[in-house]
There are 2 protein chains.
Amino acid sequence: MEIFIEPIGRLINEFSKLPGVGKKTAQRYAYKIVDMSESDARAFADAIIGVKRKVKYCKVCGNFTENETCEICRVREKNVICVVKEPKDVAAIEKLHEFKGVYHVLHGVIDPMEGVGPNDIRVKELLARLSDEGVKEVIVATNPDVSGDATAMYLARLIKPLGVKVTRLAHGIPVGSEIEYTDDVTLSRAFVERNEL
Amino acid sequence: MEIFIEPIGRLINEFSKLPGVGKKTAQRYAYKIVDMSESDARAFADAIIGVKRKVKYCKVCGNFTENETCEICRVREKNVICVVKEPKDVAAIEKLHEFKGVYHVLHGVIDPMEGVGPNDIRVKELLARLSDEGVKEVIVATNPDVSGDATAMYLARLIKPLGVKVTRLAHGIPVGSEIEYTDDVTLSRAFVERNEL
């Protein structure tokens, strides 16, 4: 005898596909759905379908949009482009309400071990934007890991000869944390990138 | 400008309704859905709808079922009834593969502070089963809190005069934990319910 009847077991299985969700958590989520009103569950299901149906990628920057181009590309000044790996990185930076330029989502980073080369990500599209839009600076905001660093180096070598400034987000000790607990790699980067006071 | 486009914002909002899910986690889940194939997202949405459409309550014990009565009620011996608060408690006990009797789901516990009396939960239905099914023992497995205890006491007073044995799950120190870290209430219950060796 199964512990869960089929429809509940199936929903638990679906919830288990979400990142970081184990059987126990999936079970709690499934019970919550069972307890929801019919219309609330319908709204939930519709939101899932809706995201797949309505979300497209901006043909300029590659960020999520419901239209041809995203709102950021439509209204922002275009002389600074922030290059990120994925659309979720755009959301993380937008939350700061500090960056006023536009983005370019690579949809991946160069990773030879995984067989991902420059032609597999949106590098060509970035270069096309540089000549068109009068760009003064490209801020590379890929993750501080091997493939993120490699991608940043690659882009810098490609873009600098075009007379466009290329910068990279600073590495260092996270604000509020302690030197004692900072990992070795971060700490040594903080030394290398130290600033004059 | 919104950080998330409408369909993604809406899905984040839906995921936030799940227990223990904050904005950040809801966001990760939503991105996962965006990355899913159309058919996987459709399957997910269908599982949510399916649960609402197919899951009913067993008319005998009140547990989840797709039919009139649940599989447990159809095949198990009926001389011992384990009384629980919610269907999820049935799943927790079934996982042990130890209890061989049937269940009775109260769908709540007596809680005067919340205005929940004996008539608001499935007490009447339990009493009806006692006279019909030749029940020898009722194991009350409500949670060890004020309302769970009150419900257990109430049921015992009601059922014992009918000549049916009423028992309650033991309280005590969780297996594998340490006395030093056991909370005061549990530790004192462990003293009261101590067993002769």
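Now for a description of the structure that goes with this document. (Residues numbered from 1 in each chain as written. Chains lettered and ligands numbered in written order. Predicted model: local features only at pLDDT ≥ 70, side-chain atom pairs only at ≥ 80, totals over all residues. Heavy atoms only, no water.)

1. Focus: the interface of chain A and chain B
Chain A puts 56 residues into the contact, and the matching count from chain B is 55 residues. Carbon and sulfur atoms supply 71% of the area that chain A and chain B bury against each other, a total of about 5400 Å² over both sides. Put simply, chain A and chain B have 0 salt bridges between them. The interface formed by chain A and chain B holds 7 residue pairs in polar contact (both at pLDDT 80 or more) in total. Elements that contribute at least two residues to the side of chain A that touches chain B include exactly α1 (6–15), α2 (23–35), α3 (38–54), β2 (64–65), α4 (71–75) and α5 (87–94) of chain A. With 15 residues, the single largest contributor to the side of chain A that touches chain B is α3(A). (Contact = heavy atoms within 4.5 Å. Buried area = accessible area lost by both parts, 1.4 Å probe. Salt bridge = Lys/Arg side-chain N within 4 Å of Asp/Glu carboxyl O. Polar contact = N/O pair within 3.5 Å; in protein donor to acceptor, adjacent residues only side chain to side chain. Helix = DSSP H or I, 4+ residues; strand = E, 2+ residues; numbered from the N terminus.)

2. Some details on the sheet that holds strand β6 (residues 165–168) of chain B
Residues and elements named next belong to chain B. Strands sit in the order β4-β3-β5-β6 across an open sheet of 4 strands; the sheet is parallel. Edge positions in the sheet fall to β4 (102–105) and β6, since each of these pairs with one other strand and no more. The sheet shows a mean angle of 25 degrees between the axes of neighbouring strands, taken without regard to direction. Pairing analysis gives 4 bridges linking strand β3 (residues 80–84) to strand β5 (residues 137–140), with the strands arranged parallel. The residue of β5 that forms the bridge with V83 is V140. Running at roughly 155 degrees to β4, helix α5 (residues 87–94) makes contact with β3 and β4 of the sheet. Contacts from helix α6 (residues 123–132) reach β3, β4 and β5, with the element oriented near 150 degrees to β4. (Pairing = 2+ DSSP bridges. Axes fitted to C-alpha atoms, helices over the stretch in contact; angles between N-to-C directions.)

3. A closer look at the side chain of T65(B)
Counting through the fold element by element, T65(B) comes out in strand β2 (residues 64–65). Residue T65(B) is classed as buried on the basis of its relative accessible area of 2%. From its side chain, T65(B) meets the backbone nitrogen of N67(B) in a polar contact 3.0 Å long. Leave out the neighbours within four places in its chain, and T65(B) touches I5(A), K54(B), V55(B), K56(B), Y57(B), C58(B) and C70(B). (Buried < 20%, exposed > 50% of the residue type's maximum accessible area, 1.4 Å probe, protein only.)

4. So, the environment of A26(B)
Residue and element names in this part refer to chain B. Take A26: it is sitting in helix α2 (residues 23–35). Look at A26 and you get buried, because its relative accessible area is 0%. Along the chain, A26 and I12 lie 14 residues apart, while their C-alpha atoms are 5.0 Å from each other. Sequence-distant contacts of A26, that is, excluding residues within four places in its chain, are made with I12, F15, S16 and V21.

5. As for the environment of H107(B)
Residues and elements named next belong to chain B. Structurally, the position occupied by H107 is in the loop between β4 and α6. With 11 residues separating them in the primary sequence, H107 and P118 have C-alpha atoms 11 Å apart. Not counting residues up to four positions away in its chain, the partners in contact with H107 are Y57, G62, K85, P87, I121 and R122.

6. Some remarks on the pairing of strand β3 (residues 80–84) of chain A
All names here are of chain A. Of all 5 residues in β3, 5 are buried, a share of seventy percent or more. Burial along β3 is two-sided: V80, C82 and V84 and I81 and V83, pointing in opposite directions, are all buried. Note that β3 and strand β4 (residues 102–105) share 4 bridges and pair parallel. By the bridge assignment, V84 is partnered in β4 with V105. In this fold, the crossover linking β3 to β4 by way of α5 has right-handed handedness. (Right-handed = clockwise from strand over helix to strand, strands pointing away.)

7. Some remarks on the nonpolar core
Core analysis: the largest hydrophobic core is formed by 48 residues, its most contacted members being F15(A), I33(A), I48(A), F15(B), I33(B) and I48(B). Those elements that place two or more of their residues in this core are α1, α2 and α3 of chain A together with α1 (6–15), α2 and α3 (38–54) of chain B. Once residues lying within four places of it in the same chain are set aside, the contact partners of I48(A) are L11(B), I33(B), A41(B), F44(B), A45(B) and I48(B). (Core = buried A, V, L, I, M, F, W, Y, C linked by side-chain atoms within 4.5 Å.)

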